[in-house]
Structures are given as C-alpha cells and as structure tokens.
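# Structure at a glance
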Amino acid sequence: MTSTVGRREGRDARSLPSVVIRFAGDSGDGMQVTGDRFTTESAILGNDFVTLPNFPAEIRAPAGTLAGVSAFQVHIADHDILTPGDAPSVLVAMNPAALRANVADMAPGGVVIVNSDAFDERSLAKAGYASNPLEDGTLSGHRVYEVPMTSLTLEACKPTGAKPRDAERSKNFFALGLLSWMYQRPLDSALEFVATRYATRPLVVEANSLALRAGWNFGETAELFESSYRVPPRELAPGTYTNVTGNTALAWGLIAAARLAGLPLFLGSYPITPASDVLHELAKQKHFGVRTFQAEDEIAGAGAALGAAFGGALGVTTTSGPGIDLKSETIGLAVSLELPLVVVDIQRGGPSTGLPTKTEQADLLHVMYGRHGEAPVPVVAASSPAHCFEAAIEAARIAIRYRTPVYLLSDGYLANGSEPWRLPELSELAPIDPAFATPPARAGDGEGTGEFEPYARDPETLARPWAPPGTSGLEHRLGGLERHDLTGDVSYDPANHEKMVRLRAERISRIASSIPEVEVDDPGTPGGGPSPLLVLGWGSTYGAITAAVRRVRARGLSVASAHLVHLNPFPPNLGEVLRRYGRVLVPENNLGHLARLVRAEFLVDAIPFGKVAGVPFRVGEIERAIVDQLGGAGSGEAGS
Amino acid sequence: MSAAGPGVPATSRKDWASDQEVRWCPGCGDYSILAAVQTLLPELGVARERTVFVSGIGCAARFPYYMSTYGMHTIHGRAPAIATGLALSRPDLDVWVVTGDGDALSIGGNHLVHALRRNVNMTILLFNNQIYGLTKGQFSPTSELGKVTKSTPFGSLDRPFNPIALALGAEATFVARTHDMDRRHMMEVFRRAHDHKGAALVEVYQNCNVFNDGAFEQVTGRAAREEMLVPLEHGQPIRFGADLHKGVVLRADGRLEIVEVADVGESALLVHDERREDPGIAFLLAHLARGPFEPTPIGVFRAVERPDYGSLVDAQIDEVRRRKGDGDLAELLRSGTTWSVGEPAS
C-alpha cells in the first residue's frame with residue numbers, strides 16, 4: 001500500500017514561490033507536532049521557512065472551546081523569507097472553534113480544510129456558531145474542503161484493533177499526510193519520527209503511520225483537490241543546516257560559551273513559561289558537565305548562579321518577566337560584586353502574569369533600569385531563533401571579560417519559533433579568556449605590597465580580577481556594601497562612593513569599544529543621498545522589519561534599516577548613524593522603549609511604532625507605517 | 001596550634017582573622033562566636049583558601065569580613081541559596097553560612113528549608129538573638145509572643161519559630177544548638193557540624209546586649225546553666241542539674257517529661273540517639289522547653305548520614321558521561337534533523 005506514498009503521479013503539481021499554512025485544533029489535538037513535522041519535511045526538501053506556534057496558557061482548556069485552540073503557522077518558500085507570514089493562505093481546522101479562532105486572519109481566497117466530522121451541533125455551539133459556517137456562506141471568500149478526518153482515520157486504523165477513542169487521536173497525522181500530499185513532501189521523515197517518538201508504544205506507531213498514509217492517499221485518490229503544489233527548494237549557502245527553535249539555540253549557545261571560556265556551566269533556574277525549555281535542554285546535557293539546579297524560587301535560581309560564578313563557573317539564570325522582578329536584587333548584588341553572570345529573560349506579555357504564552361518586548365526598560373541605585377547592566381538581544389546561539393555567546397563574552405551581570409533578551413516568539421540554521425564552524429568561534437587572577441596579584445601603585453587587591457582594575461576594560469576560591473594569597477571578601485576602590489574593603493567614604501559609582505558606569509560604557517558597529521542597510525535615494533527614513537529595531541522584530549523594508553523598496557521608495565543586538569551600551573557609531581537620518585521609526589512590541597532610549601541618549605526625534613497584541617508584527621503593518629512616514633507615496637502595492 | 005590535614009600548613013587563631021576592625025557593639029555575643037570559630041579552624045585541618053564564609057544581611061552577616069578566608073556578604077536571606085550554587089559548583093570547598101534569626105527564618109526562610117531538605121554540603125551557623133539588631137530593635141520570628149518592641153508597642157501577636165523544630169521538620173541531617181557563653185561547647189558543636197557531610201544547622205543562642213539583653217540569661221547565665229541546660233549526648237541517658245539529679249523520660253502517651261532521677265531510676269530515662277532516622281523524638285526534644293526560660297536541651301539533636309546533594313549531582317553527571325561519553329558540541333548541534341546544501345554547480 002505504500003507504492004504511492006512519497007510520489008506524485010497523475011495530476012500535475014502547480015509551482016508556488018511560497019505558502020503560509022496554519023494548522024489549528026484543540027490543544028490536545030497535536031497541532032504543534034503536526035506543524036513541526038510539516039516544517040521538518042519542508043526543511044529536508046530545501047525550503048526556507050519560519051514558524052510561529054501559538055498556544056493557550058492552559059494545558060488543556062475545555063475541549064472544543066475558543067480558549068483551547070492551539071495553532072502552528074509555518075511559512076515555506078523557495079526564497080529567503082524572514083517572517084512566519086502575515087496571513088495564512090491555507091488553514092487546517094480540526095474543529096469549529098479552530099476555524100472560528102483563525103479564519104479571520106486568512107488571506108482572501110485562501111484554502112480552508114476542515115475536519116467535517118467535528119462540525120456537529122454541539123461543537124458548533126461550543127465554538128459560538130449559531131449556524132454551520134460550512135453551510136451558511138460564512139466561508140464564501142475561501143475555497144473550502146470538507147474532509148471527514150476523524151472517520152477516515154478510524155477506518156484506516158481498524159487493522160490495529162485500537163479502540164476508537166485511541167485511534168481517533170491519530171487524526172492529526174491524517175491531516176499531516178494530506179498536507180504532505182498537497183505540497184509534495186515525502187512522508188519518510190514523518191514515518192521515521194513516529195517510529196522513534198512512540199517506540200515504546202507499537203500500537204501508536206502503527207496507528208499514526210496508517211493515518212499518515214491514509215491522509216496522503218486520500219489527497220491522491222479523492223477527486224476533491226484539483227491539484228497539488230510544489231514549493232521548490234531555496235538556494236542556500238552551502239553547509240549543513242538544522243531546524244532550531246530560539247530556546248534550543250540559546251541553550252546550545254550557553255554550552256558553547258562555557259566551552260569557549262573553558263569554564264563549567266552552572267544554570268540556576270525556576271520553571272516559567274516561555275523560558276523552561278532552556279532549563280529542559282540544558283538538563284539533558286549533563287555529559288557536557290552542565291550543572292542544572294532547579295531552585296526553590298527565582299531568587300534562589302539567580303543566587304545559586306551568582307554563588308557558582310564566585311566559585312569560577314559560568315553562572316547563568318533563565319527566566320521570563322515575572323522572574324526578572326524577583327531576581328533584580330541579586331542582579332544588583334552582582335553589579336556590586338562585579339562577577340560574571342548571564343541573566344536570560346525570555347520576554348512574554350505583561351504586566352504581572354500577563355500573557356504567559358504570548359510574545360512581547362516590554363521588559364527592555366526594566367532590564368535597563370529596574371534596579372535601585374546606580375546599577376548599569378549590559379543588555380544583548382537576539383534577533384531570530386538561530387541568532388539566539390550567537391547572542392548567548394556574546395552575552396557570556398561580555399559578562400566574563402567585563403566581570404558583570406549581562407541581560408540576554410529573547411521573547412516568546414523567538415523561544416518557540418524556528419528557522420533553518422546553517423551550523424557554524426565551531427573552530428571559528430573566538431575563545432573567551434576568563435583571565436583568572438594569579439598570585440601575587442599586581443601590587444598597589446608603586447607600593448609593591450604584594451597584597452591582593454580585588455578591586456584593582458584592568459586599565460583598558462576597568463574589569464577587576466576574578467579570583468575564585470582555592471588559591472592561597474587571593475583570599476578576599478566581597479559584598480553588597482560599597483567597596484573601597486582597590487582593596488575592596490567596606491567603605492563609607494563619600495569620595496570613594498562617587499568614584500566607584502562612576503567607575504562602574506564607565507566600565508559598562510567601555511564595552512562599546514568591543515562590540516561591532518551597527519550596520520545600516522541603505523541603498524540610498526536615486527540621487528545618491530541617504531534615504532529619508534531609518535527604521536531602527538531590536539530583537540525579534542528583525543524579520544518583520546527587514547521584510548517590510550524590502551516591500552517598501554519594491555514600491556520604489558527609499559528607506560534604510562538597522563537592527564540592534566547591543567542595547568546597553570549601544571554600538572559606538574549609533575549616534576552618528578541616527579543623526580544621518582531626518583526621521584527614525586522604531587517598531588517595537590511595546591509602547592516605545594528603544595525609542596525612549598535613543599531619544600534620551602542622542603536627542604533624536606525617534607518615532608515609536610508599537611504593537612502589544614501578544615503576537616509579532618505583520619510585515620504589512622510595518623510596511624504601512626513606513627509608507628506613512630514617507631508621506632504615503634509609493635508606486636502601488638508590492639507583492640509579498 | 002593546629003592539627004592540620006596533609007599538605008595544609010599549621011596555622012594559629014590569628015591567621016584566620018582579617019585585618020578589618022570588628023565593629024559589633026561592645027559586649028555583643030557575636031564576639032565570642034567569632035573567637036570560637038577562629039580558634040576552631042586551625043584545629044580542623046582545612047586550608048584558608050578552601051574555606052568560604054557566606055552571609056546575608058544583619059549583624060551576624062558581617063562575620064565574613066572578619067575572617068581571612070574567601071567570603072561573600074550578600075543580600076538579605078539569600079545566603080543559603082548563594083552558598084548552594086557555590087557548594088554545588090565547587091565540591092572541594094568548605095562552605096560556611098553565617099546568618100541570624102531574621103535573615104534565616106523570616107526573609108530567607110524558604111532558602112533555609114530547601115538547603116536543609118536537599119542536604120547541600122554546608123555548615124550553617126544561625127545566630128539567634130530573638131530580635132532585629134541592625135535595624136535597631138524590632139521583634140523577630142523567634143521573639144517570644146507578646147514581645148514589646150518599637151514595631152510592636154502593644155506586644156507582638158506572632159507565634160515564634162523554633163529553629164530546631166523547623167530544621168527537623170525539613171528533615172535536616174544535622175541539627176544542633178549551642179550558646180555564646182560557652183566557647184568550649186560552641187567549638188565542639190561547630191566541629192561536629194563542620195565534619196558532617198551535608199547540610200548542618202547550628203542554632204547559637206546569642207545575646208544582643210543592646211536591644212534584647214539577657215534574652216537567654218535564664219538558661220545560659222553562669223548561675224542558671226547547671227539546672228537549666230540539658231546536654232544531649234549520643235547514647236547517654238538525658239540527665240542534667242547538679243549531680244545530674246534530673247532527667248527526661250518519654251511517656252507512653254508520647255510526651256517528654258522532666259523528672260527526678262531518684263524517683264524513676266536511671267533505666268527509665270530517655271537515651272539520646274542522634275542517629276535515629278525518624279526525627280520524631282528529636283522534635284519532642286526541640287519542644288522540651290517552651291522558650292529559653294525552661295530547661296533547654298543543647299548539643300546535637302540529630303546527626304544522620306545521607307548522601308549530600310552535591311555528591312548526587314556529580315554522580316549523576318559521571319553516570320551520564322559514562323553512558324553517553326563526553327559531550328561533543330558539533331554532535332549536539334547535529335542532533336536534530338539536518339540537511340546539507342552543496343556547492344552550487346558553476
């Protein structure tokens with residue numbers, strides 16, 4: 001029965017440059033797995049892709065309700081793409097609630113594939129439909145395919161003898177099989193995944209495999225679909241690629257950083273959405289010598305990481321916004337102790353518990369300023385799921401070299417979203433020198449006392465010596481009380497305090513000399529001058545901003561863009577860059593944090609463009625904002 | 001002089017003192033505890049550079065500054081958490097935590113009980129003076145009910161914690177009590193706590209002569225001690241008082257009672273067993289006195305062997321390494337689905 005699987009015969013496939021597909025169902029329907037496998041199949045075919053999972057905070061909200069809908073959007077293309085797509089052109093809806101929650105997002109004239117078995121009166125009522133949308137014309141703007149997925153799955157799984165209640169659970173693999181046929185993705189990797197993932201449950205392997213094939217064969221043989229589609233592979237730089245989420249890349253980046261520095265990695269953490277996966281990933285990697293400590297609370301997670309840093313480890317703590325609130329006191333202590341510490345904030349919707357599973361960038365000002373006293377902390381932000389790897393190494397580099405806590409910002413979109421990642425040459429990553437203090441330490445200026453001075457500074461970086469316990473002659477006491485410059489003894493001297501405050505600030509600002517200049521992407525005006533508008537972004541808006549800028553240029557307009565990885569300190573040339581442009585637009589998933597920072601720092605009239613809906617920007621939203629800034633001109637609508 | 005371990009140079013008390021001026025109030029009980037620790041350390045056979053004192057906030061928390069070892073004076077209540085990270089990442093170190101009743105039992109209560117239940121290898125000295133000293137005299141979580149202080153002018157309404165009972169409730173593997181008026185006893189208890197593998201909690205009755213003077217006078221005062229302190233000695237019947245005329249018996253209804261030995265005979269007395277797995281009887285002993293005004297047990301309440309947390313963490317890492325081999329980063333990056341893109345045809 002497998003002869004047709006993975007092969008296209010008969011009707012011709014139509015070629016598409018890209019497609020945006022959203023799988024939606026109940027949170028127990030397995031939509032995340034379905035979307036993830038479809039992505040993997042596409043990756044193996046060589047497509048570019050970006051994904052956007054979207055799921056409720058409740059583990060199992062009441063079945064069939066809008067609150068319980070879980071969705072996974074994937075954008076696949078034969079060219080370089082940057083976002084999960086503004087509007088799906090294909091929606092797979094496993095029940096009425098999934099349809100209702102998602103159909104409004106669709107592009108006009110899209111394809112809706114529904115599990116028609118789920119459209120009974122009770123389910124329609126649960127979703128809040130007064131009448132059946134499959135019959136009342138609601139979907140007239142779309143091409144609708146009604147597929148009785150539940151009954152076809154049950155039929156396909158009969159040979160296994162599984163109870164209908166169990167067999168029914170395989171219907172997401174039926175949907176995956178059908179979509180795999182539609183877009184000509186071979187089933188091999190999905191079948192292999194099923195065999196591995198459910199290896200301990202042979203009945204489940206059999207049922208899911210049968211459902212996968214049944215879905216494929218249904219597409220092939222039912223006269224329902226006029227054709228299937230081909231999304232040809234993208235031309236990519238040569239190399240080995242993998243599909244990686246931001247949280248996985250970040251965890252791997254931390255392991256890489258520890259290796260580059262030759263330090264043991266210690267993670268102190270407390271479970272919190274959407275950061276827990278970093279803890280999970282690192283907990284699996286004990287054979288790298290990684291110590292993961294699930295603490296009693298957020299405070300202890302940060303405290304243990306700082307204690308480990310005192311002991312000479314790369315100390316890391318991971319959390320999301322509410323955890324940052326709790327860790328702030330410990331981070332202030334790290335500022336005073338001048339010890340390396342990486343604090344990872346996977347931002348989510350706030351304030352308070354807010355939107356645990358949704359994305360936002362509204363912690364920037366908090367990590368910049370959310371400590372008492374003058375307590376500057378460097379901030380690094382990842383701009384894509386794969387970039388989380390590099391950003392983690394950069395955060396660790398700054399922390400170790402400058403003996404300071406460093407914030408590493410990611411967010412819910414990067415954490416769970418994925419993209420293809422060309423694996424780096426590990427030998428090309430720069431080593432990080434922990435430069436531990438050695439006895440006898442530098443003697444005080446000219447005195448040559450031979451006494452270790454824990455706050456004597458490197459003249460270039462102003463970093464103090466890092467002297468983990470274990471070396472005779474380097475015994476010293478650190479603490480949160482103000483320290484004497486040089487000796488590190490407690491000091492209440494007014495002049496010393498002022499000096500220390502300024503030294504700590506100066507040390508952080510000197511980091512700028514070790515970071516790359518911000519690159520501006522500006523083809524300029526036809527006349528050869530700089531574009532009239534610079535779009536400045538940071539973090540996960542990178543994809544949407546870059547795609548929007550491309551679209552605006554396709555309209556014949558001139559616009560420049562720049563994206564920040566370092567938020568504190570800023571790249572050394574940022575002020576000069578900003579002053580080059582008449583206007584600066586700053587799209588952010590907040591109400592204007594970066595806009596405020598650059599206004600304050602550079603006296604530039606940056607225009608904030610905020611979105612705080614718990615979901616990333618659509619390309620079109622930024623495109624419109626740019627065009628508005630450019631006076632609404634343009635040579636017509638651009639293609640996507 | 002010292003009974004130093006192999007390779008550890010002999011030291012004396014002054015080698016363990018830092019050059020910092022000690023700034024506790026004159027007459028503070030902290031001085032005698034500091035002296036006891038500095039006198040003990042040369043006898044322990046440990047190296048200065050492998051010794052770390054970690055503290056939180058409060059009068060007691062200044063302790064690390066007066067030691068010539070490595071030290072961290074951290075933030076209020078968090079010393080056990082910070083010390084946990086240090087102890088786990090550096091199993092070769094001797095980690096001491098110095099804390100007070102407010103630091104350990106109020107703001108840091110959570111960290112204390114979790115360090116104890118995990119059995120992290122550290123020695124925790126809890127200076128209990130039943131008052132907030134550094135903030136100048138508010139009641140603490142160990143102050144007696146009805147305590148009149150600046151923040152409770154009409155008397156406190158809070159029932160106090162019993163630190164020993166709390167530690168036993170967390171199933172700490174080593175729980176002891178001593179007091180600042182008896183250096184020899186302190187040193188013996190600190191030595192036992194230090195030598196214990198795992199988390200050791202020592203409550204030290206400590207007099208705050210400025211804000212709560214004489215809080216323990218009724219039991220630790222020179223004249224009172226003999227009749228009011230009940231020394232716990234492993235394997236011995238629990239007896240105290242002049243000529244050991246009093247003793248403790250365990251009644252059939254589960255209560256402890258103080259009796260005249262002459263009335264019941266020595267064989268009826270409770271024999272102290274610090275190694276008893278079940279902390280129940282130790283818990284009864286913790287409640288023998290309702291406060292430091294009734295006969296109060298001192299010494300080691302409980303000392304049981306259980307693997308310390310750090311050893312378990314390391315053993316797990318070793319086990320996974322044995323099974324999987326040393327981690328290979330290039331392999332890790334390729335652990336998901338990968339695909340290759342070749343050089344484009346030219």
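Residues numbered from 1 in each chain as written. Chains lettered and ligands numbered in written order. Predicted model: local features only at pLDDT ≥ 70, side-chain atom pairs only at ≥ 80, totals over all residues. Heavy atoms only, no water.

### Some words on the pattern of salt bridges
Residues and elements named next belong to chain A. Counted under the stated rule, the structure contains 45 salt bridges over all chains. Among the salt bridges present, the one from Glu168 reaches Lys171, with a minimum N-O distance of 3.0 Å. Of the residues examined, Lys171 reaches a relative accessible area of 8% and is grouped as buried. Across the pair Arg553 and Asp521 runs a salt bridge, and its minimum N-O distance is 3.0 Å. You can see Arg553 sitting in helix 17 (residues 542-554) and its partner Asp521 sitting in strand 18 (residues 520-521), a full 32 residues away along the chain. Here Arg553 falls in the partly exposed class, since its relative accessible area comes to 22%. Through salt bridges with shared partners, a single ionic network connects Asp86, Arg551, Arg555 and Glu623. (Salt bridge = Lys/Arg side-chain N within 4 Å of Asp/Glu carboxyl O. Buried < 20%, exposed > 50% of the residue type's maximum accessible area, 1.4 Å probe, protein only. Helix = DSSP H or I, 4+ residues; strand = E, 2+ residues; numbered from the N terminus.)

### Side note on the nonpolar core
Counting 155 residues, the largest nonpolar core has Leu314, Val342, Leu364, Leu536 and Leu594 of chain A together with Val54 of chain B as its most contacted members. Not counting residues up to four positions away in its chain, the partners in contact with Leu594 of chain A are Leu364, Leu536, Gly537, Trp538, Leu564, Leu567, Phe570, Val586 and Glu588 of chain A. Judged by nonpolar contacts, the second largest core, of 48 residues, contains Met31, Ala175, Val194 and Val231 of chain A. (Core = buried A, V, L, I, M, F, W, Y, C linked by side-chain atoms within 4.5 Å. Contact = heavy atoms within 4.5 Å.)

### Quick look at the domain arrangement of chain A
All names here are of chain A. Taken domain by domain, chain A consists of domain 1 (17-228), domain 2 (242-428) and domain 3 (520-629). Relative placement of domain 1 and domain 3: their C-alpha centres are 37 Å apart. In this complex, domain 1 contributes seven residues to the contact, which on the side of domain 3 involves twelve residues. Buried area between domain 1 and domain 3, summed over both chains or domains, comes out near 710 Å², and the portion from carbon and sulfur atoms is 55%. The largest per-residue losses of area from domain 1 upon contact with domain 3 belong to Leu82, Thr83 and Asp86, which jointly make up 71% of the total buried on that side. At the junction of domain 1 and domain 3, the tally comes to three salt bridges. Between Arg551 and Asp86 there is a salt bridge, and its shortest N-O distance comes to 3.9 Å. The interface formed by domain 1 and domain 3 contains four residue pairs in polar contact (both at pLDDT 80 or more). (Domains from an automatic or database assignment. Buried area = accessible area lost by both parts, 1.4 Å probe. Polar contact = N/O pair within 3.5 Å; in protein donor to acceptor, adjacent residues only side chain to side chain.)

### A short note on the sheet that holds strand 12 (residues 338-341) of chain B
Spatially, 16(A)-9(A)-12(B) is the arrangement adopted by the three strands of the open sheet, whose pairing is antiparallel. Two strands lie at the open edges of the sheet, namely strand 16 (418-422) of chain A together with strand 12 of chain B, each paired on one side alone. On average, each strand axis in the sheet is tilted by 30° relative to the strand beside it, whichever way the strands run. Where strand 9 (residues 239-245) of chain A meets strand 16 of chain A, five bridges bridge the pair, whose relative direction is antiparallel. Each bridged residue has a counterpart across the sheet, and for Thr245 of chain A the counterpart in strand 16 of chain A is Ser418 of chain A. Against the sheet, helix 1 (residues 31-45) of chain A touches strand 9 and strand 16 of chain A together with strand 12 of chain B, its axis set at about 165° to strand 9 of chain A. Sheet contacts for helix 9 (residues 246-261) of chain A: strand 9 and strand 16 of chain A; angle to strand 9 of chain A, the most-contacted strand, approximately 115°. (Pairing = 2+ DSSP bridges. Axes fitted to C-alpha atoms, helices over the stretch in contact; angles between N-to-C directions.)

### Overview of the pairing of strand 5 (residues 174-179) of chain B
Residues and elements named next belong to chain B. Burial within strand 5 is extensive, with six of its six residues counted as buried. Strand direction decides the pairing type here: strand 5 and strand 6 (residues 199-205), joined by six bridges, are parallel. Residue Thr178 lies in a different strand from strand 6, and its bridge partner there is Val204. Here strand 5 pairs with strand 11 (residues 296-303) via four bridges, running antiparallel. Of the residues in strand 11, the one forming a bridge with Phe174 is Ala303.

### Examining a positive patch on the surface
Together, Arg60, Arg165, Arg169 and Arg201 of chain A give the surface a local cluster of positive charge. Counting through the fold element by element, Arg60 of chain A comes out in the loop between strand 3 (48-54) and strand 4 (69-77). (Patch = residues over 30% accessible without salt bridge, like charges linked within 9 Å, V, L, I, M, F, W, Y side chains within 5 Å. Areas by Shrake-Rupley, 256 points an atom, 1.4 Å probe, with all protein chains shown as cover. Lys, Arg positive; Asp, Glu negative; His and termini not counted. Charge placed at Lys NZ, Arg CZ, Asp CG, Glu CD.)

### A short note on the environment of Ile107 of chain B
Residue and element names in this part refer to chain B. Within the secondary structure, Ile107 sits in helix 3 (residues 101-107). Spatially, the C-alpha atoms of Ile107 and Gly77 are 5.2 Å apart, while their sequence positions differ by 30 residues. Residues contacting Ile107, with those up to four places away along its chain left out, are His76, Gly77, Arg78 and Gly102.

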